[in-house]
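The lines below spell out each chain.
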Amino acid sequence: MINTDHAKKEVFQKNFFNDFLKVLKETGKPAVDKKTKEPIEIKEFAKCDFTNMFNYFEKQREIKKSLSNAEKKRIKAERDEAEAKYKVCILDGRKETVGNFRIEPPGLFRGRGDHPKTGKLKTRVTPEMVTINIGKESPVPAPPPGHKWKEVRHDNTVVWLAMWRENISGSTKYVMLAQNSSIRGLSDFKKFEKARELQYHIEKIRKDYQAELKDTLMLNRQRATATYLIDKLALRAGGEKGEDEADTVGCCSLRYEHVTLKPPNIVVFDFLGKDSVPYHNEQEVDPQVFKNLRIFKKAPKGPGDQIFDRLDPSILNKHLQNYMPGLTAKCFRTYNASHTMQQQMDLIPNEGTVNEKLVKYNAANRAVAILCNHQKAIGKTHEATVGKIDDRITEMRWKKSRLKRMILVLEPKLKNKKKDFFSDINELTADEQYDIIAKVIARDKEKLQKKFERDLAKQKEEKVPVAERVTKKDLNEKIKELTALEKQYRKEVRIKPEVKASMTVEKLMAQVEKLELQIKNTILQKQDKEDNSTVALGTSKLNYIDPRLTVMFSKKFDVPIDKLFSKVMREKFKWAIESADENWRF
DNA sequence: TATGAAACTTAGCACTCTCTAA
DNA sequence: TTAGAGAGTGCTAAGTTTCATA
């Protein structure tokens, strides 16, 4: 991990170093001075050199990567076969797939955000730490030779198959059934049905909290305000967190510094949510909510103090249960996400190609993801990718105006006849043209160079007749040609472009048209990329949008379901695919 | 009623696989 | 044909809610 961003953090290094020293001590092999043979104390992480270890593992990776495809396939097949029997279990006589059948291996803990325990050693789990949960009559799987399980129990009121305690925070980890199992499907179905049921209560709930925003009892007023935020902004409940966890918040745990008031009624939210994902939102709120937040922030409260000091998720949830059995804060997120998706889908016209409909579906999906603040890290290559697209657009524009100038060479009169058509002929400045010409030529030269190197390598391996061999001379000639072309292009920025004898105005017009379409598409593509660069669509699709909505969309708009759900999702949402038709509504 | 553990859902990261555009 | 991007998936961290206990 030494080359990762994690390992650059001070806390990571400190935690790692502590645990590292402990392990050295426990293994009973203290470091020894090479000359004096005296044991030495290792005091400073910065003076430890791990590059040999790092290089070793890098090498292993390289070796693995360089195997032939057939070899890789063979290894994978062997592995799959060995694992097959651990991937299934029998539940009530039916075969079901197990999800995470592998015990988590030891490693360095990588917390998200500023986690105080990041870098600590996550220790190896032995069978002696593992509890097995299995049917009374079933044969207990044998522990690895020389070991025994911590415990074997027969609890049919829970869904886990095995369990152990992890050493970083002391929490419990479970082996459970896969997403496509009957148990998971059923609880998924129940979750969405519960969210659907909220429709019949939401009006009353909203009416009540609207009234309670002015309640004289502070607790009720806080409860109403928090419910408003959870309902309106799809905030999470926000449970209490410990000192030894990352400092993240949800609704109930919002603090003074997370909420800024901009009169008359704009509230700026700025905090780290689950997984330390930044939540930033400037939101116009109900005037009474604004007033309440001002009251909840009133002195002596200051930075570090809770806004909802009388409230926590259990109080909030208990109140919600009065409206509907089983209703919790979380349910609002599901409800609002699916409700938003339904609304968005109602706006989609049934027209266009499958691809166009898919774009509309994704736009609806994106609206939900934005509501839930589902983000992803901006890709490391994003900027470069967008830069390349920009270059491509500029290149096409340059080509287009060049074509138009060629048309004028053939038929100068057109310039006055078709003013609109030629209005963009000078949209690129001379400098911009020189710039893009240089880039295009440099790119093509690089391509040639690469192809040449590939061919050369190939020639070394196989016997190629002398006459067919590529030589450095060929390459240089081609590069020369490009250089000449560049000169020609640069010249044409100032003077009329050359037009081949075979060219006609019609042919050139057709080319312009083609380019214009390409430019339009590329601009759209770029916009789409920008819009999606920080929004993760998967999480809402997997957890918040009732899958029956997607099935309905598929049937109503005639879009194959495998364009909307991946294989794993189709298995997970089998229950939805089988039950919803084109008229289904959330 | 408070507290912490247990149980289960939600989440982003990082890898692998697959497809696409040059 | 092939690199590179995007989709798909595995992994496990990080939440919420429920349950048990004092």
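The structure displayed is predicted, hence computed values, not measured ones. (Residues numbered from 1 in each chain as written. Chains lettered and ligands numbered in written order. Predicted model: local features only at pLDDT ≥ 70, side-chain atom pairs only at ≥ 80, totals over all residues.)

S.K.: So, the pairing of strand 1 (residues 88-91): which residues are in play, and what are the values?
M.R.: Relative to strand 2 (residues 94-97), strand 1 is paired through four bridges, and the arrangement is antiparallel. Its bridge partner lying in strand 2, Leu 91 is registered against Arg 94. Counting the residues that bridge the hairpin from strand 1 to strand 2 gives two residues, and of these Asp 92 lies at a positive phi of roughly 45°. (Pairing = 2+ DSSP bridges. Helix = DSSP H or I, 4+ residues; strand = E, 2+ residues; numbered from the N terminus.)

S.K.: Explain the nonpolar core to me, and be specific about the residues and the numbers.
M.R.: Residues Ala 226 and Cys 251 are the most contacted members of the largest nonpolar core, which totals 53 residues. Contributing elements (two or more residues each) for this core: helix 4 (182-197), helix 6 (218-233), helix 7 (287-296), helix 8 (313-321), helix 9 (329-346), helix 10 (354-371) and helix 18 (547-556). Look past the residues within four positions of Cys 251 in its chain and what remains in contact with it is Ala 226, Leu 229, Ile 230, Leu 235, Arg 236, Ala 237 and Gly 238. Cys 89, Ile 132, Leu 161 and Val 175 belong to the second largest nonpolar core, which has six residues in total. (Core = buried A, V, L, I, M, F, W, Y, C linked by C-beta atoms within 7 Å. Buried ≥ 20, exposed ≤ 12 C-beta atoms within 10 Å, placed from the backbone. Contact = placed C-beta atoms within 7 Å.)

S.K.: Now, about the environment of Ala 329: what can you tell me, with residues and values included?
M.R.: Tracing the sequence through the fold places Ala 329 in helix 9. Its 22 C-beta neighbours within 10 Å are what place Ala 329 among the buried residues. Counting along the chain gives 101 residues from Ala 329 to Tyr 228, while the straight-line C-alpha distance between them is 11 Å. Dropping the residues within four chain positions of it, Ala 329 is found in contact with Ile 230, Ala 237, Pro 313, Leu 316, Asn 317 and Leu 320.

S.K.: Outline the sheet that holds strand 7 (residues 162-165), supporting the account with residue identities and numerical values.
M.R.: Across the sheet, four strands lie side by side as 6-5-7-8; this open sheet has mixed pairing. The open sheet terminates on both sides in strands that have one partner only, identified here as strand 6 (151-153) and strand 8 (172-175). Strand-to-strand, the axes of this sheet are offset by a mean angle of 20°, without reference to chain direction. Across three bridges, the pairing between strand 5 (residues 131-133) and strand 6 is parallel. For Asn 133, the partnering residue across the bridge sits in strand 6 and is Arg 153. (Axes fitted to C-alpha atoms, helices over the stretch in contact; angles between N-to-C directions.)

S.K.: So what about the environment of Thr 131? Which residues, and what values?
M.R.: Note on placement: Thr 131 falls in strand 5. A C-alpha to C-alpha distance of 5.4 Å links Thr 131 and Lys 150, two positions 19 residues apart in sequence. Sequence-distant contacts of Thr 131, that is, excluding residues within four places in its chain, are made with Trp 149, Lys 150, Glu 151, Arg 153, Ala 162 and Met 163.

S.K.: If you had to explain the pairing of strand 7 to someone new, which residues and values would you point to?
M.R.: Along any regular strand the residues' side chains alternate between the sheet's two faces. Pairing analysis gives two bridges linking strand 5 to strand 7, with the strands arranged antiparallel. Within the sheet, the bridge partner assigned to Ile 132 lies in strand 7 and is Ala 162. With four bridges connecting them, strand 7 and strand 8 associate as antiparallel partners. By the bridge assignment for strand 8, Arg 165 is matched with Thr 172. Linking two consecutive strands that pair antiparallel, namely strand 7 and strand 8, is a turn of six residues; a positive phi of about 75° is found at Gly 170 within it.

S.K.: Outline the protein's contact with DNA strand B, listing residues and values.
M.R.: Lining the immediate environment of DNA strand B, one finds 23 residues, of which Val 158, Val 159, Ser 187, Ala 377 and Thr 539 sit closest. Those elements that place two or more of their residues in the surface near DNA strand B are strand 8, helix 4 and helix 17 (538-543). Of the residues contributing to the surface near DNA strand B, the split by class is ten nonpolar, eight polar and five charged. (Near = placed C-beta within 6 Å. Nonpolar A, V, L, I, M, F, W, Y, C, P; charged D, E, K, R; others polar.)

S.K.: How would you summarise the domain arrangement of chain A if you had to cite specific residues and measurements?
M.R.: When the domains of chain A are assigned, the result is domain 1 (6-71), domain 2 (81-182), domain 3 (199-323) and domain 4 (382-532). Using only C-alpha atoms to locate each centre, domain 1 and domain 2 end up separated by 29 Å. Tallying the contact residues gives nine residues for domain 1 and eight residues for domain 2. Split into classes, the residues belonging to the side of domain 1 that touches domain 2 amount to four nonpolar, three polar and two charged. (Domains from an automatic or database assignment.)

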